[in-house]
2 protein chains.
Amino acid sequence: MAGTNSERQLLAEGPAIILVEPQMGENIGMVARAMANFGLAELRLVNPRDGWPNEKAQATASKADHVIEATKVYDTLEQAIADLNFVYATTARSRDNYKPVRSPVFAAQTLRTRFRAGEATGILFGRERWGLTNEEVALADEIVTFPVNPAFASLNIAQAVLLMSYEWMKSGMEDLEAVPFQALEQRPSTKEQLFGLFDQLEEALDSRNYFHPLSKKPKMVDNLRAVLSRRAFTEQEISVLRGVISSLDRFSRNSPRKGGFTRSGKEAPTDDSADQ
Amino acid sequence: MAGTNSERQLLAEGPAIILVEPQMGENIGMVARAMANFGLAELRLVNPRDGWPNEKAQATASKADHVIEATKVYDTLEQAIADLNFVYATTARSRDNYKPVRSPVFAAQTLRTRFRAGEATGILFGRERWGLTNEEVALADEIVTFPVNPAFASLNIAQAVLLMSYEWMKSGMEDLEAVPFQALEQRPSTKEQLFGLFDQLEEALDSRNYFHPLSKKPKMVDNLRAVLSRRAFTEQEISVLRGVISSLDRFSRNSPRKGGFTRSGKEAPTDDSADQ
């Protein structure tokens, strides 16, 4: 629908994701996929339990090959962040230290600002079971933590990376309500088009003595028009509704419209063509 | 550190998550966990491939038992959303229809507004391999789609649920920069405290003929003070720095401070106690 992958822009820039002593290859692969989903590409591993490369990681990365192939492995966290200018540590719990604690939105905006200024940045994620040590957190500049359900706060490592990657992507958007594709374009109807609908419907109802007793007709017309005015219709919607009224008005159950042609053999009037 | 689970607030309200013909039990479990992480609790399954209950789902739900146990199963999507007032369909691609297309931020705010007004709402997620049919999307009120890397747009179903659940949680926060815990409280230093640091350091350096030649002293003092003023220190930081200067000034490598006591046997001055 939108062309092949090779025609689409591959985003691959931004902070490095640094996993400290990751245990499960499956998680490393899901981290790579989450990064690729939101345009990050630089994965660093500190002393992964099962070594590297890791077949399970490749399997769960789901074609995020450019991330997996560029992954670098380090013996220590100090080596893994040596070339960076600014580093966040992710943690789910208070650390009794003096580092500023940031929300993901704030942290992503900070990373974007520093990225635009040419700084090399990174985000640390701890082990699956027990996160980062205090000594590892101490190597970072600031802390980022997630706004989770207090009674169910444990995030999977790939989910934590996904959220930071997603906020990174959003931090580069000018408009947070922007979407990559739109509904089919529709023009709002004019009042004249709306009045045409009123007239057609009221005439069809009038001819059937719908407005009964006649003394109540003005109030009934008011109510009917209120129903049809409450939500602004588009031109297409007015056209659909007029086709519906035509069909109900001009044909009966015993004598329905036949295959797009009227009984005289002529094509149906154009306002039927909007039936759908 | 923050008490047991039973003491913490369990958030369990908001839109229903509706999975249409989910295939993998593992994914259903990860969906339940993601929901629980961000305070959602109502999971509905339409015609799950492997039936329900599902052991693999229970295993990957990682103790989101309250979600798994309350999960309801339906034969059709129409039945699954019959009691709802407003429904979003998630989709990664344009559908050639007239439904409004929203970002996750916009959709979550809409859901929150409707939730506060007492409406029952839901979010549809399609099959792992090929999403929702056009007919299923047509049953929803609006579409929500994610701002992904154009060349790597395929989100895992549990990741998609995670992102919507996360945005739901954020839509209830008054301040997007709020965090659940803070750094230890620190008071910024006063200028008098900063000047005390200047004086101590400059006196210690002066006594060593650091300012040489003397004609350059004013410029050297300026530079030194600029280094120490660029980032506002807290009271604690000033205290640490003064302890460092004391230590360098008063002890030598050949004659270091001994075990917290000076050589005279008296306790060290209090400004050393801030060494850490």
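If you're wondering where the values come from, they're calculated on a predicted model, not measured in any experiment.

Draft legend 1. A look at the overall build of chain A. Summing up its helical and strand segments, chain A has 10 helices and 7 strands in all. Relative to the globule expectation of 19 Å for 276 residues, the C-alpha radius of gyration of chain A, 31 Å, shows a markedly less compact shape. With the C-alpha coordinates aligned to their principal axes, the bounding extent of chain A is approximately 85 × 40 × 35 Å. Within chain A, the proportion of its 276 residues that are buried is 45%. The long-range fraction of contacts in chain A, counting pairs at least 24 apart against all pairs at least 6 apart in sequence, stands at 79%.

Draft legend 2. Structural context of the sheet that holds strand 1 (residues 16-20) of chain B. Residue and element names in this part refer to chain B. Reading across the sheet, the 7 strands line up as 3-2-1-6-4-7-5 and stay open at both edges, with parallel pairing between neighbours. The two strands at the open ends of the sheet, each matched to only one other strand, are strand 3 (72-74) and strand 5 (101-102). Of the strands in this sheet, strand 4 (86-90), strand 5, strand 6 (121-125) and strand 7 (142-144) touch helix 5 (residues 104-116), which is tilted by about 160° from strand 4. The strands touched by helix 7 (residues 157-171) within the sheet are strand 1, strand 6 and strand 7, with strand 6 carrying the most contacts at an inclination of about 155°.

Draft legend 3. Expanded view of the domain arrangement of chain A. For chain A, the domain assignment lists domain 1 (13-171) and domain 2 (191-272). In this structure, domain 1 of chain A and domain 2 of chain A have C-alpha centres spaced 60 Å apart.

Draft legend 4. Here's a closer look at the relation of the copies chain B and chain A. Superposition record for chain B on chain A: RMSD 0.1 Å, screw rotation 180°, translation along axis 0.0 Å. Expressed as an axis order, the relation between the two copies is that of a two-fold axis. A symmetric contact is evident, with 100% of the interface residues of chain B recurring at the interface of chain A.

Draft legend 5. Highlighting the packing of aromatic side chains. If you walk through the whole model with that rule in mind, you get 11 aromatic pairs over all chains. Measuring from centroid to centroid gives 5.5 Å for F38 of chain A and Y166 of chain A, while their planes differ by 75°, and the two rings are edge-to-face. Of the two residues, F38 of chain A sits in the loop between helix 1 (25-37) and strand 2 (43-46) while Y166 of chain A sits in helix 7 (residues 157-171), which places them 128 residues apart along the sequence. An angle of 80° between the planes, with centres 5.3 Å apart, marks the rings of F86 of chain B and Y88 of chain B as edge-to-face. A residue is classified by how much of its surface remains accessible, and F86 of chain B, at 5% relative accessible area, is buried.

Draft legend 6. The arrangement of the interface of chain B and chain A in detail. With 65 residues of chain B at the contact, the number on the chain A side is 65 residues. Taking both partners together, chain B and chain A bury about 5,500 Å²; carbon and sulfur atoms supply 64% of that area. The interface formed by chain B and chain A contains 2 salt bridges. Among the salt bridges present, the one from K170 of chain A reaches E167 of chain B, with a minimum N-O distance of 2.5 Å. Inspection of the chain B/chain A interface yields 20 residue pairs in polar contact (both at pLDDT 80 or more). Of all the secondary structure elements, the ones that give two or more residues to the side of chain B that touches chain A are helix 1 (25-37), strand 5, helix 5 and helix 7 of chain B. Of all the elements, helix 7 of chain B adds the most residues to the side of chain B that touches chain A, at 7 residues.

Draft legend 7. Up close: the pairing of strand 6 (residues 121-125) of chain A. All names here are of chain A. In terms of burial, strand 6 is a largely internal element, 5 of the 5 residues being buried. The alternating pattern of strand 6 places T121, I123 and F125 on one face and G122 and L124 on the opposite face, and all of these are buried. Sheet topology places strand 1 (residues 16-20) next to strand 6; 4 bridges connect them, and they run parallel. Within the sheet, the bridge partner assigned to I18 lies in strand 6 and is L124.

Draft legend 8. Seen up close, the sheet that holds strand 4 (residues 86-90) of chain A. Residue and element names in this part refer to chain A. Taken together, the 7 strands give an open sheet; going across it, the order is 3-2-1-6-4-7-5, and neighbouring strands pair in parallel fashion. The open sheet is flanked by strand 3 (72-74) and strand 5 (101-102), the only strands paired with a single partner. Sheet topology places strand 2 next to strand 3; 3 bridges connect them, and they run parallel. Directly across from L45, in strand 3, lies its bridge partner V73. Contacting strand 4, strand 5, strand 6 and strand 7 (142-144), helix 5 (residues 104-116) crosses the sheet at an angle of about 160° to strand 4.

Draft legend 9. Geometry of the packing of helix 8 (residues 191-206) of chain B against helix 9 (residues 217-229) of chain B. Residue and element names in this part refer to chain B. Between helix 8 and helix 9, whose axes approach to 11 Å, the crossing angle comes to 135°. It follows from the interaxial angle that helix 8 and helix 9 lie oblique. For the crossing formed where helix 8 meets helix 9, the hand is right-handed. Counting all contacts with helix 8, which are made through L194, L197, F198, D199, L201, E202, L205 and D206, the residues of helix 9 involved are K217, V221, L224, R225, L228 and S229. When its residues are assigned to classes, the contact of helix 8 with helix 9 shows 8 nonpolar, 1 polar and 5 charged.

About the thresholds
Residues numbered from 1 in each chain as written. Chains lettered and ligands numbered in written order. Predicted model: local features only at pLDDT ≥ 70, side-chain atom pairs only at ≥ 80, totals over all residues. Heavy atoms only, no water. Helix = DSSP H or I, 4+ residues; strand = E, 2+ residues; numbered from the N terminus. Rg over C-alpha atoms; globule rule 2.2 N^0.38 Å. Buried < 20%, exposed > 50% of the residue type's maximum accessible area, 1.4 Å probe, protein only. Contact = heavy atoms within 4.5 Å. Pairing = 2+ DSSP bridges. Axes fitted to C-alpha atoms, helices over the stretch in contact; angles between N-to-C directions. Domains from an automatic or database assignment. Least-squares fit on C-alpha atoms with pLDDT ≥ 70 in both. Phe/Tyr/Trp six-rings, centres within 6.5 Å; stacked < 30°, edge-to-face > 60°. Buried area = accessible area lost by both parts, 1.4 Å probe. Salt bridge = Lys/Arg side-chain N within 4 Å of Asp/Glu carboxyl O. Polar contact = N/O pair within 3.5 Å; in protein donor to acceptor, adjacent residues only side chain to side chain. Parallel < 35°, antiparallel > 145°, perpendicular 65-115°, else oblique. Left-handed = near helix turned anticlockwise from the far one by under 90°. Nonpolar A, V, L, I, M, F, W, Y, C, P; charged D, E, K, R; others polar.

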